[in-house]
Amino acid sequence: MKKKLLTFVLIFLCAVVCFSGCGLGSFIDVGNNGSSPTKPVDPDDPVVDPDNPDNPDNPEEPGISEDDYAVTVYYNNKIFSPDNQEIYVVWRNSYEVKRVLLGENGKANAGELDGTYNVYLEGLPEKYVYDPNVNVASVEERKLTILLTDVRTPEEGDGSGLYRSQGCYLVRYDGFYRANVKREGQMVYYEYSPTEEGAYEIESFVNLYADEVCPSVVLYIGTVGWKKIDTTQDVQWNSLKGGFTKNFKIVFNVDKQFVGNCLTFAVGASCKSSDSYPAYVDFKITYKGEYVDPNSDIREVPVGDAFNFLTPPVADGPFVWADLGTRKFDSENYKLNPNTGVYHRYDEKLYATNPYGFGRGYGPMLCCAIRTAIPCYNIVGFSTLYAADYVFPPGAYRATNYLKLYNSWIEEEQKFAVLDYTSFIKDYYATKCNSAGYCYVTPELHDFLQRFAASWSLWTDNDAEYMAAGTPETNGYTTDKDGYYLFACGYYAGQQ
């Protein structure tokens, strides 16, 4: 009996020793599609209530007092051990720099400091990466956590050329990457193909406080087989006041119809000293959330009943453009006639005797130039409204369909959409033109012309940022807002 009892006691004691000496693990809430972990739980120092340091169930770790500035470093949600490598935690502000060797327990204690400090690591091995610019210690937040992760490896390439056939890196997933810039002027090329729709961000993480390396970025648009520098994309820059290092940030949206297309960018670096090469530029591609492009809502615009009653205009007398020779389009000179269902030249005094039989004040029917050139609108690549579905200026990498009107406001739905007038013009209204290329202006054709002028910035109130050569505005014409549509209009002066 004694022997059995002794055996039982020994087994129980072994179990107690084994379980007290091993970590049973902790739950880590990753969240955000696995992109950024929440603060991990230290099995040796669980934080039950970080806002209540006097919690008796959460005593301070031996050697670290409540007033000490301290850091704990984690790698992939576990305490990081430097394995005898000399890695320093640096607390830095304008008045003081304090370096503390990171212990094998993943902790560093700077003792009692006073004020606000930027905190980062020195001597970290190349395989690890983190954001060195976001950790700020203060009187209110003395204890910090630094999260390390791995540098991702691109799927293919060596980064040496703009195209994949030339070595361009292929990147398919978000995460941290590192560009190895070996000399001044060298660029490392990446082709990123998002695998799902959404809002994305590319941001560099060079240490602002070391202030030795300044990253650069160049964006390209095009296809996998043809690319050119994109001068339209906005690049944000972040630096300390007067600092040499400036980190870049690019924000871009990917609609579902563009998933699989590529964004190509090149990363470079300038250094204060040539001895700083090779320079490493860490950057992160982040999925920020859902995105729905309003221009993915494409709606083909049908013709209405008014179209069915149209006949081609009779060419009677000279054709007079709607500016009446003044280079000013005035909407007061034209009005919809409910009796004919189309727009007319209108003047209460000039047509007071109803000379045309359309009613007092109504003159000749207004026409739109669809199959013929428009004198006041001659941007490069544009010929007629009928051919506006294929505008291909010299130097462009693809044609543009000007009959698709982007960012069109739908008042009834309080939203933007793309209104596609391609069939509306080419398959319908073009068939109601006379031999000179003109057709009468119905309310729906009037609406198309108004939207066309707004969508393609024919009138900008002389805003130089949006003015383009060849628009009515740059050709010296003016108009009121209700007269946008008149750029393509005129009438036969001898019409009876």
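Along each chain, the written sequence defines residue order, and numbers are assigned to residues from 1. Local features in this predicted model are restricted to residues whose pLDDT is 70 or higher, and side-chain atom pairs enter the listing and the counts only when it is 80 or higher, whereas totals over whole chains, interfaces and linings include all residues. No hydrogens and no water enter the side-chain calculation; it runs on all heavy atoms of the structure.

Caption draft 1: Representation of the overall build of the protein within the structure. Within the protein, the secondary structure is distributed over three helices and 31 strands. Exposure is judged per residue with a 1.4 Å probe applied to protein chains only, and the accessible area is read against the type maximum: over 50% gives exposed, under 20% gives buried, and values in between give partly exposed. A buried classification covers 43% of the 496 residues belonging to the protein. Note on definitions: a residue-residue contact is assigned when non-hydrogen atoms from the two residues lie within 4.5 Å. Within the protein, contacts between residues separated by at least 24 positions form 64% of all contacts whose residues are at least 6 apart in sequence. By definition, any uninterrupted DSSP run of H or I lasting at least four residues is a helix, any uninterrupted run of E lasting at least two residues is a strand, and each is numbered from the N terminus.

Caption draft 2: Main features of the nonpolar core. Residues belong to a common nonpolar core when they are buried Ala, Val, Leu, Ile, Met, Phe, Trp, Tyr or Cys residues joined through side-chain atoms within 4.5 Å. With 59 residues, the main nonpolar core has Tyr377, Leu385, Phe448, Leu449, Phe452 and Phe487 as its most contacted residues. Contact partners of phenylalanine 448, with chain neighbours within four places excluded, come to Leu385, Leu403, Leu405, Tyr421, Phe424 and Ile425.

Caption draft 3: Spatial organisation of the sheet that holds strand β3 (residues 88–92). The four strands lie next to each other as β4-β3-β6-β8, forming an open sheet whose pairing is antiparallel. Single-partner strands in this sheet number two, and they are β4 (97–101) and β8 (136–137). When β3 meets strand β6 (residues 117–122), the two strands line up antiparallel, connected through five bridges. Bridge pairing in β6 places valine 89 opposite leucine 121. Strand pairing follows a simple DSSP-based rule, namely that at least 2 bridges must link the two strands.

Caption draft 4: Expanded view of the pattern of salt bridges. Criterion for a salt bridge: a side-chain nitrogen of Lys or Arg within 4 Å of a carboxyl oxygen of Asp or Glu. Under the criterion given, the structure shown has eight salt bridges. The salt bridge partner of arginine 299 is glutamate 413, with a shortest N-O separation of 2.7 Å. Highlighted residues: arginine 299 in strand β20 (residues 298–300) and glutamate 413 in the loop between β27 (404–410) and β28 (415–420), separated in sequence by 114 residues. Classification of arginine 299 by relative accessible area gives partly exposed; the value is 24%. Accessibility expressed as a relative area gives 41% for glutamate 413, which makes it partly exposed. Because the salt bridges share partners, they merge into one network encompassing Glu156, Arg164 and Glu191.

Caption draft 5: Up close: the sheet that holds strand β26 (residues 367–369). In spatial order, the strands read β21-β31-β26-β29; together these four strands make up an open sheet with antiparallel pairing. Sheet topology places β21 (319–321) and β29 (438–440) at the edges, where each strand pairs with a single neighbour. Each strand axis lies, on average, 40° off the axis of its neighbour in the sheet, ignoring direction. Bridge analysis of β26 against β29 gives three bridges, and the strand direction is antiparallel. Across the sheet, alanine 369 pairs through a bridge with tyrosine 438, a residue of β29. To get an axis, fit a line to the C-alpha atoms, keeping to the stretch in contact for a helix; angles then go from 0 to 180 degrees between the N-to-C directions.

Caption draft 6: Main features of helix α3 (residues 443–455). A helix is expected to reach a length of 1.5 Å times the quantity of its residues less one. Its 13 residues give α3 an end-to-end C-alpha distance of 18 Å, which sits within 8% of 18 Å, the value for a rise of 1.5 Å per residue. Within the sequence span of α3, burial applies to Glu444, Leu445, His446, Phe448, Leu449, Gln450, Phe452 and Ala453. The secondary structure elements touched by the buried residues of α3 are β24 (342–346), β26, β27, α2 (422–428), β29 and β31 (489–492).

Caption draft 7: Examining the packing of aromatic side chains more closely. Any two of the Phe, Tyr and Trp rings considered here, Trp counted by its six-membered ring, make a pair once their centres fall within 6.5 Å; the pair's planes then place it as stacked at under 30 degrees, edge-to-face at over 60, or tilted in between. Applying the stated rule across the entire model yields 41 aromatic pairs. Ring centres of tryptophan 237 and phenylalanine 248 lie 6.3 Å apart, and the angle between their planes is 80°; on these two criteria the pair is classed as edge-to-face. Of the two residues, tryptophan 237 sits in strand β16 (residues 235–238) while phenylalanine 248 sits in strand β17 (residues 247–254), which places them 11 residues apart along the sequence. Among the aromatic residues, ring-to-ring pairing joins Phe307, Tyr377, Phe382, Tyr402, Tyr421, Phe424, Tyr428, Tyr429, Phe448, Phe452, Trp456 and Phe487 into one connected group. Over the ring of tyrosine 280 we find arginine 178, and its NZ or CZ is 5.7 Å from the ring centre. The ring of phenylalanine 307 carries the charged tip of lysine 432 above its face, separated from the ring centre by 5.1 Å. Consider the ring centre and the ring normal. A charge sits over the ring if Lys NZ or Arg CZ is within 6 Å of that centre and within 35 degrees of that normal.

Caption draft 8: Structural view of unusual backbone geometry. Of note, the amide linkage connecting tyrosine 277 to proline 278 takes the cis form, showing an omega dihedral of 0°. Inspection of the secondary structure puts proline 278 in the loop between β18 (263–271) and β19 (279–289). One non-glycine residue, asparagine 354, lies in positive phi territory at about 55°. Position of asparagine 354 among the secondary structure elements: in the loop between β24 and β25 (362–365). Overall, the relative accessible area of 28% leaves asparagine 354 in the partly exposed class.

Caption draft 9: Expanded view of the state of the cysteines. In plain terms, two cysteine sulfur atoms within 2.5 Å form what is called a disulfide here. The tally for this structure, following the rule as stated, stands at zero disulfides. In this structure cysteine 271 is not part of a disulfide, and its nearest cysteine sulfur, from cysteine 214, lies 9.4 Å away. Since its relative accessible area comes to 12%, cysteine 271 is described here as buried. Of all cysteine sulfurs in the structure, the one in cysteine 433 sits closest to cysteine 439, which takes part in no disulfide; the separation is 4.5 Å.

Caption draft 10: Seen up close, the confidence of the model for the protein. You can read pLDDT as the predictor saying how much it trusts each residue, on a scale of 0 to 100. In the predicted model, the protein carries a mean pLDDT of 82, and the fraction of residues at 70 or more is 81%. Within the model, pLDDT remains below 50 along residues 1–60, and this stretch shows 45 contacts once partners closer than five positions in the same chain are excluded.

Caption draft 11: Representation of the pairing of β27. When β27 meets β28, the two strands line up antiparallel, connected through five bridges. Pairing of isoleucine 410 across the sheet is with lysine 415, part of β28.

Caption draft 12: Quick look at the side chain of threonine 422. Relative to the helices and strands, threonine 422 resides in helix α2. Definition of a polar contact: a pair of N or O atoms within 3.5 Å, with one able to donate and the other able to accept a hydrogen when the atoms are protein atoms, and with sequence-neighbouring residues admitted only if both atoms are side-chain atoms. In terms of polar contacts, threonine 422 uses its side chain to reach the side chain of aspartate 420, at 2.6 Å. Among residues more than four places away in sequence, those in contact with threonine 422 are Asp389, Asn401, Leu403, Lys404 and Asp427.

Caption draft 13: Up close: the environment of glutamate 197. Position of glutamate 197 relative to the elements: it lies in the loop between β12 (188–192) and β13 (198–204). Classification of glutamate 197 by relative accessible area gives partly exposed; the value is 31%. For glutamate 197 and glycine 289, which are 92 residues apart along the polypeptide, the C-alpha to C-alpha distance reads 8.9 Å.

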